[in-house]
Amino acid sequence: MMPIVQTVNLKKYYQQGGNVVKALDGVSLEISAGEFVAIVGTSGSGKSTLLHMMGALDTPTSGKVLINGRDISEKSAEQLTVFRRRHIGFVFQNYNLVPVLNAYENIVLPVQLDGKKVDERLMAKIVELLGLSDKLENLPNTLSGGQQQRVSIARALLAKPEIILADEPTGNLDSKTSQDVLSLLKLTSMKFHQTVVMITHNDAIAQLADRIIRIEDGKLLRNDDK
Ligand SMILES: Nc1ncnc2c1ncn2[C@@H]1O[C@H](COP(=O)(O)OP(=O)(O)O)[C@@H](O)[C@H]1O
Ligand SMILES: [Mg+2]
């Protein structure tokens, strides 16, 4: 079966003074549809760079990213914006919620930006699964970290993306809340047949994944199938 995400000899080099920083140095990997993959590695190893490339948030120095077999570098900036909104859900460590919008408004924002009608049944289902039903009118600053992260996960899920890319989604949460949020992400992604690629520092969290990809100095170390 064709992988949903594939990178081919992906490189990202930064010029820094007289030096070259090799953030990614020839990463080739394949992720199957429905897989839940954890990316682990020390700080500065290239994890975020890799995730950003997979989500077309950044362009490589060389190499390719294919989503469903299609090279995303062939798309224009405008096409990529629409493509991201429809096919990829991002979950960031700092939640990236809009502070003046309440939880409901934050969750539906990408769907509305896409000019689509909100699927209220799906919305209700997601909100219930994530335990947010009584928090929809809250502004982000009246929610706990875990609740804000669940809002950002709900936002990623509502657009029904095939791929969810999460950069340390539990980085600001205590270990109990991390486990809860991750279990929910795992549950919802299974329910909605989504592929998840998640960066984490946390070994216990990584163990929840189907597969762990290790990266060091911009290179893959090994792929452990559990
Ligand atoms: N915009 C940039 N300019 C210069 N160097 C960068 C830039 N972004 C990332 N880097 C460097 O690339 C390497 C990998 O960064 P990153 O992917 O953010 O690592 P990680 O997410 O694993 O902590 C680091 O050495 C970082 O300093
Ligand atoms: Mg990072």
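Residues numbered from 1 in each chain as written. Chains lettered and ligands numbered in written order. Predicted model: local features only at pLDDT ≥ 70, side-chain atom pairs only at ≥ 80, totals over all residues. Heavy atoms only, no water.

**Student:** Just to check I follow, could you spell out the packing of aromatic side chains for this structure?
**Tutor:** Within a pair of aromatic rings, the relevant descriptors are the distance that separates the centres and the angle that separates the planes. Per the counting criterion, the structure on display carries one aromatic pair. On the basis of an interplanar angle of 10 degrees and a centroid distance of 5.7 Å, the ring pair of Phe-90 and Phe-92 is categorised as stacked. Assessed through its relative accessible area of 16%, Phe-90 is described here as buried. Of the residues examined, Phe-92 reaches a relative accessible area of 21% and is grouped as partly exposed. (Phe/Tyr/Trp six-rings, centres within 6.5 Å; stacked < 30°, edge-to-face > 60°. Buried < 20%, exposed > 50% of the residue type's maximum accessible area, 1.4 Å probe, protein only.)

**Student:** It is not clear to me how the site of ligand 1 should be interpreted in this structure. Could you clarify?
**Tutor:** Close to ligand 1 lie Tyr-14, Gln-16, Val-21, Ala-23, Thr-42, Ser-43, Gly-44, Ser-45, Gly-46, Lys-47, Ser-48 and Thr-49, which account for all nearby residues. Gly-46 is positioned with one of its backbone polar atoms (N or O) 3.0 Å from an oxygen atom of ligand 1. Here Thr-49 contributes a side-chain N or O atom positioned 2.5 Å from an oxygen atom of ligand 1. Coverage of ligand 1 by the protein amounts to 63% of the 560 Å² it exposes when considered alone. (Near = heavy atom within 4 Å. Polar contact = N/O pair within 3.5 Å; in protein donor to acceptor, adjacent residues only side chain to side chain. Areas by Shrake-Rupley, 256 points an atom, 1.4 Å probe, with all protein chains shown as cover.)

**Student:** I tried to follow the packing of helix α5 (residues 145-158) against helix α6 (residues 175-191) on my own but got confused; where do I start?
**Tutor:** When two helices pack together, their arrangement is given by the angle between their axes and by how far apart the axes lie. Where α5 contacts α6, the two axes come as close as 10 Å, and the packing angle between them is 15 degrees. Considering their axes alone, α5 and α6 lie roughly parallel with respect to each other. The crossing of α5 and α6 is right-handed. Of the residues in α6, those in contact with Gly-146, Gln-149, Arg-150, Ile-153 and Leu-157 of α5 are Thr-177, Val-181, Leu-184, Leu-185 and Thr-188. (Axes fitted to C-alpha atoms, helices over the stretch in contact; angles between N-to-C directions. Helix = DSSP H or I, 4+ residues; strand = E, 2+ residues; numbered from the N terminus. Parallel < 35°, antiparallel > 145°, perpendicular 65-115°, else oblique. Left-handed = near helix turned anticlockwise from the far one by under 90°. Contact = heavy atoms within 4.5 Å.)

**Student:** What is the right way to read the nonpolar core from this model?
**Tutor:** Where a protein is soluble and globular, its nonpolar side chains tend to be buried together. The biggest cluster of nonpolar side chains holds 38 residues, and the ones touching the most others in it are Ile-107, Met-123, Leu-130, Leu-158 and Met-198. When contributions to this core are tallied by element, the ones reaching two or more residues are β3 (36-40), α3 (103-113), α4 (120-129), α5, β7 (163-167), α6, β8 (195-199) and α7 (203-206). Here the element with the most residues in this core is α5; it accounts for six residues. Excluding its chain neighbours within four sequence positions, the residues that come into contact with Leu-158 are Ile-107, Val-108, Val-111, Val-118, Asp-119, Leu-122, Met-123 and Ile-126. Membership of the second largest hydrophobic core comes to 27 residues, among which are Ile-31, Leu-51, Leu-165 and Ile-199. (Core = buried A, V, L, I, M, F, W, Y, C linked by side-chain atoms within 4.5 Å.)

**Student:** I tried to follow the side chain of Gln-148 on my own but got confused; where do I start?
**Tutor:** Topologically, Gln-148 is positioned in helix α5. Looking at Gln-148, the relative accessible area reads 16%, which means it is buried. Within polar-contact distance, the side chain of Gln-148 engages the backbone oxygen of Leu-143 at 3.1 Å. Every residue in contact with Gln-148, bar those within four places of it in the chain, is listed here: Tyr-95, Leu-97, Pro-140 and Leu-143.

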